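Summary of the model geometry
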Amino acid sequence: MVRHRVVVGGVVAALAVAACVTALSWAARPDRAGPPPHAGPPAHAGPPDHANAPDHAGPPDPAGPKQNGGSGHGGASEQAGGSGQGGASGQAGSAPGPSGTAPAQSGSAPGQSGPSSGGGPVAGSGSQADAGAGTALPVGDPLPEAEGPPVLAEAAVARPERGTVLVRLPGSGQLAPLQTLSEIPVGSLVDARKGRLVLRTALPDGGEQTIVVGDGQFTLRQGRDGMTSLLLQGGDFSTCPSAGRASAAPRASAARAKKRGKRSEVRRLFTKDDSGKFRTHGANSVATVRGTEWLTIDRCDGTLTVVRDGRVAVRDERRDRTVVVRAGERYLARATS
């Protein structure tokens, strides 16, 4: 009996030990471990932060390398002008920002301004240099057709005879082609370097006078006495050789001046009338017509008047005298030094 009890007790003890071992093993399994006391959420419960990792700046852009002003998915350093949704993680979003393409499109604006500011245009090519101001002016619409006769000391009436004639009206910033019989206000700049025009002006007695002008530029003036003055415009006198200019001129201008002789022509104006009251103003003289055809040529050494027909009274500004020049003759009013 005693032996039987010992055996039974040993079996019970063995079963108890086995139960304890099994319980301890079950409790030690990882999948059965509970959270530690007072444990918070895992430190990396969200997506990993790659803001400081250069190898994880975001998914590759299938359109190619990223550019400033685009919409891509780069970090903060690649989002200049982008959608503005990027955070520290460098994920700017996939939708392009409303201003993403603006920087790329703005590059064409300066290139389109060329035709408005333009280069050195010439008569007959669609634009013209304003010799009076030394700047290029655009060519606008043709002058409208004249509605009446010329007005004394206010406006002349002109029509093109040949070639290209352009007119800049007083206060205008552009040139207008002369294509029909049009009104030209006093004070206008007329560019007839590539053509000629027939100009009519009024006289105090109600009559009119006519002159053909061309091969140069001039400003139109008229007094109440009917005298119509054509003031030569344009040309570059800075390249003319002169003792007074040589010391002050830049080296480039001085070099050009050496190649340019004293008799070099700077500008000219052809005129032909029929006993009207007209005169041309050069740099050094004023030629008053007496029914003739003549050339007024500004040169480096002075203003040359060449008479082809009739007579011209030339007022020499330097010598303060008037000389009558007849057909076949010429007179040079020398430039002041």
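1. Focus: the state of the cysteines
In protein structure, a disulfide is the covalent linkage between the sulfur atoms of two cysteines. In this structure the tally under the stated criterion is one disulfide. The disulfide partner of cysteine 240 is cysteine 300, and the gap between their sulfur atoms is 2.1 Å. Here the disulfide of cysteine 240 and cysteine 300 is left-handed, its torsion about the S-S bond being about -70 degrees. Taken together, the residues cysteine 240 in the loop between β9 (228–233) and α5 (243–246) and cysteine 300 in the loop between β13 (293–299) and β14 (302–309) connect sequence positions 60 residues apart. Take cysteine 240 and cysteine 300: they sit in the same class, and that class is buried.

2. Quick word on the packing of aromatic side chains
Taken as a whole and assessed by the stated rule, the structure comprises zero aromatic pairs. The ring of phenylalanine 270 has arginine 196 sitting right over it, with the charged end atom 3.7 Å from the ring centre.

3. A short note on the pairing of strand β12 (residues 285–289)
Along β12, four of the five residues are buried, which leaves the element largely enclosed by surrounding structure. The pairing of strand β11 (residues 278–281) with β12 spans three bridges and is classified as antiparallel. Bridge pairing in β12 links arginine 279 to threonine 288. Where β11 hands over to β12, the hairpin turn is made up of three residues, counted between the paired strands. Two strands pair when backbone bridges link them, and β12 and strand β15 (residues 311–316) are joined in this way by five bridges, in the antiparallel orientation. When the sheet's bridge partners are listed, threonine 288 is paired in β15 with alanine 313.

4. Quick notes on the confidence of the model for the protein
Atomic detail in the predicted coordinates should be set aside for any region of low pLDDT. Looking at the protein as a whole, the pLDDT averages 72, with 54% of positions reaching at least 70. Residue range residues 243–254 is modelled with pLDDT below 50. Its contacts to residues more than four positions away, or to other chains, number five contacts.

5. Structural notes on the pairing of strand β10 (residues 265–273)
Here strand β7 (residues 208–214) runs beside β10; their pairing, made up of four bridges, is antiparallel. Paired with glycine 214 across the bridge in β10 is phenylalanine 270. Alignment of β10 against β13, held across seven bridges, turns out to be antiparallel. Directly across from lysine 272, in β13, lies its bridge partner glutamate 293.

6. Observations concerning the pattern of salt bridges
Scanning the model with the defined rule gives eight salt bridges in all. Residue arginine 196 is joined to aspartate 215 by a salt bridge in which the shortest nitrogen-to-oxygen separation is 3.1 Å. Here the residue arginine 196 occupies a position in strand β6 (residues 189–202), and aspartate 215 occupies one in the loop between β7 and β8 (217–222), the gap between them amounting to 19 residues. For aspartate 215, a relative accessible area of 24% translates into the label partly exposed. Its salt-bridge partner being arginine 268, residue glutamate 265 comes within 2.8 Å of it at the nearest N-O pair.

7. What about the nonpolar core?
The biggest cluster of nonpolar side chains holds 30 residues, and the ones touching the most others in it are Ile184, Leu197, Leu199, Phe218 and Leu230. Judged by nonpolar contacts, the second largest core, of eight residues, contains Val198, Leu295, Ile297 and Leu332.

8. Some remarks on the side chain of aspartate 298
On the secondary structure map, aspartate 298 appears in strand β13. We classify aspartate 298 as buried; its relative accessible area is 0%. Every residue in contact with aspartate 298, bar those within four places of it in the chain, is listed here: Leu232, Phe237, Glu265, Val266, Arg267, Gly282, Ala283, Asn284 and Thr303.

9. Topic: the side chain of serine 264
Mapped onto the elements of the fold, serine 264 is located in the loop between α6 (251–259) and β10. The buried category is assigned to serine 264, whose relative accessible area is 19%. In this view, serine 264 contacts Arg299 and Cys300; residues no more than four positions away in its chain are not counted.

10. What about the environment of cysteine 240?
With a relative accessible area of 2%, cysteine 240 lands in the buried category. Put simply, cysteine 240 and aspartate 301 are 61 residues apart on the chain and 8.3 Å apart in space, counted from C-alpha to C-alpha.

Parameters and conventions
- Numbering of residues begins from 1 in every chain and follows the order in which that chain's sequence is written.
- Reporting in this predicted model follows two pLDDT cut-offs: at least 70 for local features of residues, and 80 or more for side-chain atom pairs to be given and counted; totals over whole chains, interfaces and linings ignore these cut-offs and use all residues.
- The side-chain numbers reported here are obtained from all heavy atoms of the structure, hydrogens and water having been left aside.
- Throughout, disulfides are identified as pairs of cysteine sulfur atoms within 2.5 Å of each other.
- Each helix is a run of H or I in the DSSP string that is no shorter than four residues. Each strand is a run of E no shorter than two, and both are numbered from the N terminus.
- Three labels apply to residues, based on accessible area from a 1.4 Å probe with only protein chains included: buried if under 20% of the type maximum, exposed if over 50%, partly exposed otherwise in between.
- Here a pair means two rings of Phe, Tyr or Trp (six-membered ring of Trp) with centres within 6.5 Å. Their orientation is stacked below 30 degrees between planes, edge-to-face above 60, and tilted elsewhere.
- Here, over-ring charges are defined by two tests on the NZ atom of lysine or the CZ atom of arginine: distance to the ring centre within 6 Å, and angle to the ring normal within 35 degrees.
- Here, strands pair whenever DSSP counts at least two bridges between them.
- Values of pLDDT, which run from 0 to 100, indicate the predictor's confidence residue by residue.
- Contacts between residues were defined by any pair of non-hydrogen atoms, one from each residue, lying within 4.5 Å.
- By convention in these notes, a salt bridge is any Lys or Arg side-chain nitrogen within 4 Å of a carboxyl oxygen on Asp or Glu.
- We define the nonpolar core as a collection of buried residues of types Ala, Val, Leu, Ile, Met, Phe, Trp, Tyr and Cys that are connected through side-chain atoms lying within 4.5 Å of one another.

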